[in-house]
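# Coordinates in review
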Amino acid sequence: MIGLGYIGLPTAAVVARAGIAVIGVDVSPAVVAAVNAGAPHIQEPGLDHLVREMAGTGRLRATTEAEPADVFVIAVPTPLRDGTQPDIGYVLDAARAIAPVLAAGNTVILESTSPVGTTDAVRDTIATLRPDLGLPYAGSDAHDVHFAYCPERVLPGRTLIELISNDRAIGGITPACAAAARAFYACFVEGECTETSARVAEMVKLSENSFRDVNIAFANELSLLADSFGVDVWEVIRLANRHPRVNILQPGPGVGGHCIAVDPWFLVAGDPERARLIRAAREVNDGKTTYVVERARELAARHPGARLACFGLAFKPDIDDFRESPALAVAEALAAELGERLLVVEPFAAALPDSLARHGAALVNADHALEESAAAVLLVDHAAFRAIDPARLAHLDLYDTRGIW
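Computed from a prediction, not measured in an experiment: that's the story for all the values here.

Moving on to the pattern of salt bridges. Tallying each qualifying case throughout the model produces 23 salt bridges. Ionic pairing is found between Asp93 and Arg96, a salt bridge with its closest N-O pair at 2.8 Å. Placement of the pair is Asp93 and Arg96 together in helix α4 (residues 89–98), with a separation of three residues, close to one helical turn. The class for Asp93 is partly exposed, based on a relative accessible area of 43%.

Here it is in structure tokens:
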């Protein structure tokens, strides 16, 4: 398993539990040491126990260098550079790392969310380093090593469950590649595994998250229009959804996370002229975050010198993941302007990110924020925030981006 992050480590542990010896590879010595000690560096329900158990049995161990294996799964980041351009540098670095230890009969599977054509790029990178191996090309099944693409579809907080239960789209460069990869997933996946081509599987993953992004953009745009018209967007959506064929999602402060806020740009980058709706959705959702910052500034301006509380930093409720979080972006903008006037409530954080702390913002509990603030911005609908007695909010000037208060 190349990459021991939010997907790589849980997958490695689940595969080890299925009885397969797993070697986890990561560039961070600290991550490697933590895994070998049975103490995962990421939080996910059940992961602590599973990693500790698998490391204890010896079926899961970690190292910083790739070693010979039967199956190589690449699960490394694919970030954006310059805001909208996909960067597959980590994927290609992983390909270079495993190239020296590949042997005939091996299977290489890319799980990282990637632009269409990345699996071919992995094959081509290895081809330049290992001309002695017969590698697969479309239209031919005569090859020594199988290459496939199989994206994950897990929900943070349910990762260990959904790695097993969710269906899989398994795309091979050739049909034989898809069959070889499916044989691996059959060892631990209970959901349906469907074989297809690598390029189809790559586009499936991007399409799933772009579909979500477009639908969220519609809800976020409705919220902007409702503010303009002076009506309650939550009531509009609730009543509109009584139509038997309408299911509008809920608006928020933007879109975050490592998938929905990022993956649509992979499709846009592949064909900018045709991906017009997908691009527009991204712009609407990013623009909603800017709009929330402006509304929060107006809120603070109405209470000069007073404390303002931001409730939530995570990209979705009841997790500790701040990747691409619009809530964090809003809090950062406010911290730069308000400094010590900003109080932050985030029950899933032990300390504030430096981007907030360096400006003097303080991490406090909900009770402290409610007592000390004149105004509050609700950014994440954590269960703990839903449970707050409405009577305790009566004195606050509120801006609720999630519709729970």
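Further remarks concern the pairing of strand β7 (residues 146–149). Here β7 shows two buried faces, one formed by His146 and Ala148 and the other by Phe147 and Tyr149. Here four bridges tie strand β6 (residues 107–110) to β7, and the two strands are oriented parallel to one another. By the bridge assignment for β7, Thr107 is matched with His146. For the handedness criterion, the β-α-β arrangement of β6, helix α5 (residues 118–129) and β7 is classed as right-handed. The pairing of β7 with strand β8 (residues 168–172) spans two bridges and is classified as antiparallel. The residue bridging Tyr149 from the neighbouring strand is Gly171, located in β8.

In this section: unusual backbone geometry. The residue Asp82 is not glycine, and still its phi comes out positive at about 55°. Tracing the sequence through the fold places Asp82 in the loop between β4 (80–81) and β5 (85–86). Of note in the backbone geometry, Asp318 takes a positive phi value of approximately 65° without being a glycine. Asp318 sits in the partly exposed class, given a relative accessible area of 38%.

For the rest of this paragraph, the subject is the sheet that holds strand β9 (residues 193–197). Within the open sheet, the five strands sit side by side as β3-β6-β7-β8-β9. Their pairing is mixed. Two strands bound the open sheet, and with one partner strand each, they are β3 (71–74) and β9. Adjacent strand axes in the sheet meet at a mean angle of 25°, parallel and antiparallel pairs treated alike. Taken strand by strand, α5 contacts β3, β6 and β7, and its axis lies near 150° from that of β7.

Thresholds applied
- Residues numbered from 1 in each chain as written.
- Predicted model: local features only at pLDDT ≥ 70, side-chain atom pairs only at ≥ 80, totals over all residues.
- Heavy atoms only, no water.
- Salt bridge = Lys/Arg side-chain N within 4 Å of Asp/Glu carboxyl O.
- Helix = DSSP H or I, 4+ residues; strand = E, 2+ residues; numbered from the N terminus.
- Buried < 20%, exposed > 50% of the residue type's maximum accessible area, 1.4 Å probe, protein only.
- Pairing = 2+ DSSP bridges.
- Right-handed = clockwise from strand over helix to strand, strands pointing away.
- Axes fitted to C-alpha atoms, helices over the stretch in contact; angles between N-to-C directions.
- Contact = heavy atoms within 4.5 Å.

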